[in-house]
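# Coordinate analysis (summary)
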Amino acid sequence: MFARFGRFRSRTAAWVALLPALAIILVAHAGSTGWTIWMSFTSSRMLPNSNFVGLRQYVTLFNNDRWLVSIHNLAIFGTLMVVGALAVGLLLAIAIDQRVRAENVLRSVFLYPFSMSFVVTGLAWQWMLNPTHGIQKLVRGWGFADFQFDWIVRQDTVIFTLVIAGVWHAAGLVMAIMLAGLRGIDDEIWKAARVDGIPTWRTYASIVIPMLGASFATAGILLSASVVRLYDLAVAMTNGGPGLASEVPAKFVMDHLFERGNLGLATAAATSMLITVVSIAAPLFYARARARAQETRR
Amino acid sequence: MIARSIRVVVPAALALAAGMGSAGAQQRAEVIHWWTSGGESAAVRVFAEQFTKAGGQWVDTAIAGGANARTAAINRTVGGDPPTAMQFNTGKQFDDLVEANLLADVDALARQQNWKAILPEAISAAVTRNGKYFAVPVNIHGQNWIWYNKAVLEKVGASEPKNWDEAIAILEKIKAAGLIPLAFSGQKNWERDLFNTVMLDKAGPAVWNGIYAQRSEAAARSADFRAAVDTFAKLRSYVDAGSPGRNWNDATALVIQGKAGMQVMGDWAKGEFAAAGKTAGKDFGCTLFGSKGGGYVMGGDVFAFPKQKDAAKSGAQLTLAKVMLEPDTQILFAQKKGSIPVRTDLDVSSLDICAQRASKMIQDKSQQVASVQMLAPPAMNGAIEDLVSQFWNGNAMSHDQFVDKMVAILKGSY
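In this numbering scheme, every chain counts its residues from 1 along its sequence in written order. A letter from A marks each chain and a number from 1 marks each ligand, given out in the order of writing. At least 70 in pLDDT is required for a residue's local features to be given in this predicted model, at least 80 for side-chain atom pairs to be given and counted, and no such filter applies to totals for whole chains, interfaces and linings, which use all residues. Values reported for side chains reflect all heavy atoms of the structure, with hydrogen atoms and water molecules removed beforehand.

## Some points on the overall build of chain B
Counting its regular elements, chain B contains 20 helices and 13 strands. In chain B, buried positions account for 58% of the 414 residues. The long-range fraction of contacts in chain B, counting pairs at least 24 apart against all pairs at least 6 apart in sequence, stands at 76%. Total accessible area computed for chain B in this model is approximately 15,900 Å², and 52% of it derives from carbon and sulfur atoms. Averaging the locations of the 43 positively and 39 negatively charged side chains of chain B gives two centres separated by 1 Å. Numbering of helices and strands runs from the N terminus, with a helix taken as a DSSP run of H or I at least four residues long and a strand as a DSSP run of E at least two residues long. Buried, partly exposed and exposed residues are distinguished by accessible area as a fraction of the type maximum, computed with a 1.4 Å probe on protein chains only: under 20%, between the cut-offs, and over 50%, respectively. Note on definitions: a residue-residue contact is assigned when non-hydrogen atoms from the two residues lie within 4.5 Å. Each accessible area is a Shrake-Rupley result for a 1.4 Å probe, and residues are judged covered by the shown protein chains and nothing else. We count Lys and Arg on the positive side and Asp and Glu on the negative side, and we leave His and both chain ends out. Charged side chains are reduced to one point each, which is NZ for Lys, CZ for Arg, CG for Asp and CD for Glu.

Next up, the structure:
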């Protein structure tokens, strides 16, 4: 009897403590999301109104070249950036895991880009990649007059420059996560592999890397989040140019929300982004929840 | 003498009329604007000083970037904590605020100062909604100036061009001389401004108004518009590889340093020349192209006044509006800003030759067209910006496709 009351009281205390956070989530998060979705069905321009127009904003949106280019760009950027950062980060982690000298220094150096904001990253890379005063000019100055590296000013290649900057920025973080994973692997496994005469690369490829699943998941989720909200890097580095070639969805939303005073279209774009993220994330969560449920049943 | 005493008496009377309860209290005006660069903040200080002289207290809220400043001001107005005055570009940016009944009109002052007579008609129309004045215009910016380095043009044996055909011949010569022909800043709004400059020269005011004001498909399908598209496409070969993403003032610097021949930019570029110690007419030249009449694209800035709960604040708004249009303020401001006064009844001999030329053009209606910001809502201008930018960068879009997409925008629900 007493015990049950005590449990009830501690539950209440927990709920009371959670209440402010819960209220913020409900109002600021769910409330804003709901409002955004509602706005996308209205004809709102600079100021919100309640003039219901059905799916008209979505029709306009999916006939808009810039939006289509933005989605396409995000798909390219997302795939290459996540894969690239995972690969580079893993290689860096493996290199450092060879008990190199000055490990601490190297680790800090590789992790350093992550401490910079995307705006600084974007500006720095913009300067380096600019053909008239960046890497191209430098190499030409060394005597290679035909050297060409003008990706950032070409429409068909500019998106890859965003990938380069993105990978440079995130690889250090992936390295840190992977390194923690590598250090967590039991030494016995290495000893056993050595006894069996398995070459080091083979041990990594077939034994160690498959054991890093949790590290990959963590890094992958962090990277995916930064892909979806990709905005400041594109603004600082290319501002969506040349032309529309490096436009991204978040920038589409921001530009239409503020500068262009087109709330209806902006919220339709934001809602489309939400639907996309949910439709990718929901099956993953479902699969994980199912796996966990099966585990407990066992 | 009389003018001066009026200047002292009227604000005092306004202050009395507005705030009987708080008589003697200073008029405080919080002004949100985006004038943050060197020349700009010197210009806005003119307003602040003149307002202080009129017995007010200026509270400066400068927010860098036009869109940021407007967003902040609009959010505060909608949220019930409006500033005393907020800046907009002359045009449609405050339409929705008028519709939502959030702005106070300045009609009484407009009648008192006889705005109808002293303002160019297009500017007057741009600040009038439903027959009432809703903002005070403070300056006029020409958006389609062609700036050129005199030494570079002399070197290639050319003189000031009169239209785009002549200009292209000169650009070709500059290219042959190994310099950058056209200094360009490849950002969407400047790409659009360059296109507009070409379009006004090639197609004239009829097509200009047809596209931006009447949204006419016929204008977009006209032969003149097509000629503008063709000429615009030619210009791609006269910009350098570093132009995408460049800032406009960096492009101006190329002209100042003699690394490039010309630049198309609004008259705010003059501030850069002035800061580098260059004189208009001596080191650099300015000209406008208008082969079909109407060579001056007229834009500018206005201040709008959100409705206030406090009567004293409304009084401050009236004083501020009045001070901004005073002849002294107008001339001093234009000197610092590089713009020209919005009033047509002033002596502009103290301004430079480019500004004097512009001042002549605003006297004559047939010489001007209204800026796109005045004619079309931001959403439509943005869509056109995207289209022009897509066309300018890369050869993927044919000229026919460009026209078709333009027509689609004109018919869209912006």
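## Thoughts on empty space enclosed by the protein
Residues and elements named next belong to chain B. Cavities and pockets were defined on a 1 Å grid built over protein atoms only: a cavity is a set of grid points that admits a 1.4 Å probe from which the probe cannot escape, a pocket is an open set flanked by protein on both sides within 12 Å along at least five of seven lines, and lining residues are those with an atom within 4 Å of any such point. Grid points are joined across faces, edges and corners, and a volume is the space filled by probe spheres set on the points. Overall, the coordinates contain 3 cavities of 30 Å³ or more when judged by the stated rule. Here the largest cavity is characterised by a volume of approximately 50 Å³. Along the walls of the largest cavity sit Gln-143, Phe-184, Trp-190, Asp-193, Leu-194, Val-264, Met-265, Gly-266 and Trp-268, which together make up its complete lining. Contributions of two or more residues to the lining of the largest cavity are made by helix 10 (188-212) and strand 9 (260-265). When residues in the lining of the largest cavity are grouped by element, the largest group, 3 residues, is from helix 10. Note on residue classes: Ala, Val, Leu, Ile, Met, Phe, Trp, Tyr, Cys and Pro are nonpolar, Asp, Glu, Lys and Arg are charged, and everything else, Gly too, is polar. When grouped by side-chain class, the residues that make up the lining of the largest cavity number 6 nonpolar, 2 polar and 1 charged.

## Remarks on the sheet that holds strand 8 (residues 180-182) of chain B
Residues and elements named next belong to chain B. Two strands make a pair as long as DSSP finds a minimum of two bridges between them. Spatially, 8-9-7-10 is the arrangement adopted by the 4 strands of the open sheet, whose pairing is mixed. Here the strands that pair on one side only, and so sit at the sheet edges, are strand 8 and strand 10 (284-287). The sheet shows a mean angle of 20 degrees between the axes of neighbouring strands, taken without regard to direction. Bridging between strand 8 and strand 9 involves 2 bridges; their strand directions are parallel. Following the sheet pairing, Leu-182 is matched in strand 9 by Met-262. Strand contacts of helix 17 (residues 353-363): strand 7 (145-149) and strand 10, with the helix running at about 155 degrees to strand 7, the strand carrying the most contacts. In this description, a line fitted to the C-alpha atoms serves as the axis of each element, helices being fitted only across the stretch in contact, and the angle between N-to-C directions of two axes falls anywhere from 0 to 180 degrees.

## Examining the state of the cysteines
Residues and elements named next belong to chain B. Disulfide: a pair of cysteine sulfur atoms within 2.5 Å of each other. The full count for this structure, using the stated rule, is 1 disulfide over all chains. Each disulfide pairs two cysteine sulfurs, and for Cys-286 the partner residue is Cys-354, the sulfurs being separated by 2.1 Å. Across the disulfide from Cys-286 to Cys-354, rotation about the S-S bond amounts to roughly -105 degrees, and the bridge is consequently left-handed. Pair noted here: Cys-286 is in strand 10 and Cys-354 is in helix 17, with a separation of 68 residues, a long-range link. For Cys-286, a relative accessible area of 8% translates into the label buried. Residue classification places Cys-354 among the buried positions, given a relative accessible area of 1%.

## Some points on helix 15 (residues 311-325) of chain B
Residue and element names in this part refer to chain B. Between its first and last C-alpha, helix 15 extends 22 Å over 15 residues, near the 21 Å set by a 1.5 Å rise per residue. Within helix 15, the full set of buried residues consists of Gly-315, Ala-316, Gln-317, Thr-319, Leu-320, Ala-321, Lys-322, Val-323, Met-324 and Leu-325. In protein, a polar contact means a hydrogen-donor-capable atom and an acceptor-capable atom, both N or O and within 3.5 Å, with residues adjacent in sequence counting only if both atoms are side-chain atoms; elsewhere, any N or O pair within 3.5 Å suffices. The N-cap of helix 15, judged by a side-chain oxygen 3.1 Å from the amide nitrogen of Ala-312 a few residues on, is Asp-310. The length a helix should cover is 1.5 Å for every residue beyond the first.

## Some thoughts on the pairing of strand 1 (residues 27-33) of chain B
Residue and element names in this part refer to chain B. The element strand 1 is largely enclosed, with a buried count of 6 among its 7 residues. Sheet topology note: the strand 1/strand 2 (residues 56-62) ladder contains 7 bridges and is parallel. Bridged to Arg-28 within strand 2 is Gln-57. Taking the sense of rotation as the criterion, the β-α-β connection linking strand 1, helix 2 (residues 38-53) and strand 2 turns out right-handed. Here 2 bridges tie strand 1 to strand 3 (residues 85-89), and the two strands are oriented parallel to one another. From the neighbouring strand, Ile-32 faces strand 3, where its bridge partner is Met-86. Viewed with both strands pointing away, a crossover whose connecting path from the first strand over the helix to the second turns clockwise is right-handed.

## Thoughts on the packing of aromatic side chains
All names here are of chain B. In this scheme Phe, Tyr and Trp rings, the latter by its six-membered ring, pair at centre separations within 6.5 Å, and the angle between planes marks the pair as stacked below 30 degrees, edge-to-face above 60, and tilted otherwise. All told, the structure shown has 33 aromatic pairs over all chains when counted by the stated rule. Between Trp-35 and Phe-333 the ring centres are 5.3 Å apart and the planes differ by 50 degrees, which places this aromatic pair in the tilted class. With Trp-35 in the loop between strand 1 and helix 2 and Phe-333 in helix 16 (residues 327-337), this pair connects stretches of sequence that are 298 residues apart. Its relative accessible area of 1% is what places Phe-333 among the buried residues. Among the aromatic residues, those joined into a cluster by ring pairs are Phe-184, Phe-195, Phe-225, Phe-232, Phe-391, Trp-392 and Phe-402. Between the NZ or CZ atom of Arg-70 and the centre of the ring of Trp-34, over which it lies, the distance is 5.1 Å. When the ring centre of Phe-391 is taken as origin, the NZ or CZ atom of Arg-236, which lies over that ring, is 4.7 Å away. A ring is considered to have a charge above it if a Lys NZ or an Arg CZ atom is located within 6 Å of its centre and within 35 degrees of its normal.

## Some words on the domain arrangement of chain B
Residue and element names in this part refer to chain B. Delimitation of the domains relies on an automatic or database domain assignment. Per the domain assignment, the segments of chain B are domain 1 (2-141 + 298-357) and domain 2 (145-297 + 367-411). Measuring from the centre of the C-alpha atoms in domain 1 to the corresponding centre in domain 2 gives 30 Å. Listed as interface residues are 19 residues of domain 1 and, on the opposing side, 23 residues of domain 2. Within this document, salt bridges are pairs made up of a side-chain nitrogen of Lys or Arg and a carboxyl oxygen of Asp or Glu, the two lying within 4 Å of each other. Our enumeration of links across domain 1 and domain 2 arrives at 1 salt bridge. Along the contact surface separating domain 1 from domain 2 lie 8 residue pairs in polar contact (both at pLDDT 80 or more).

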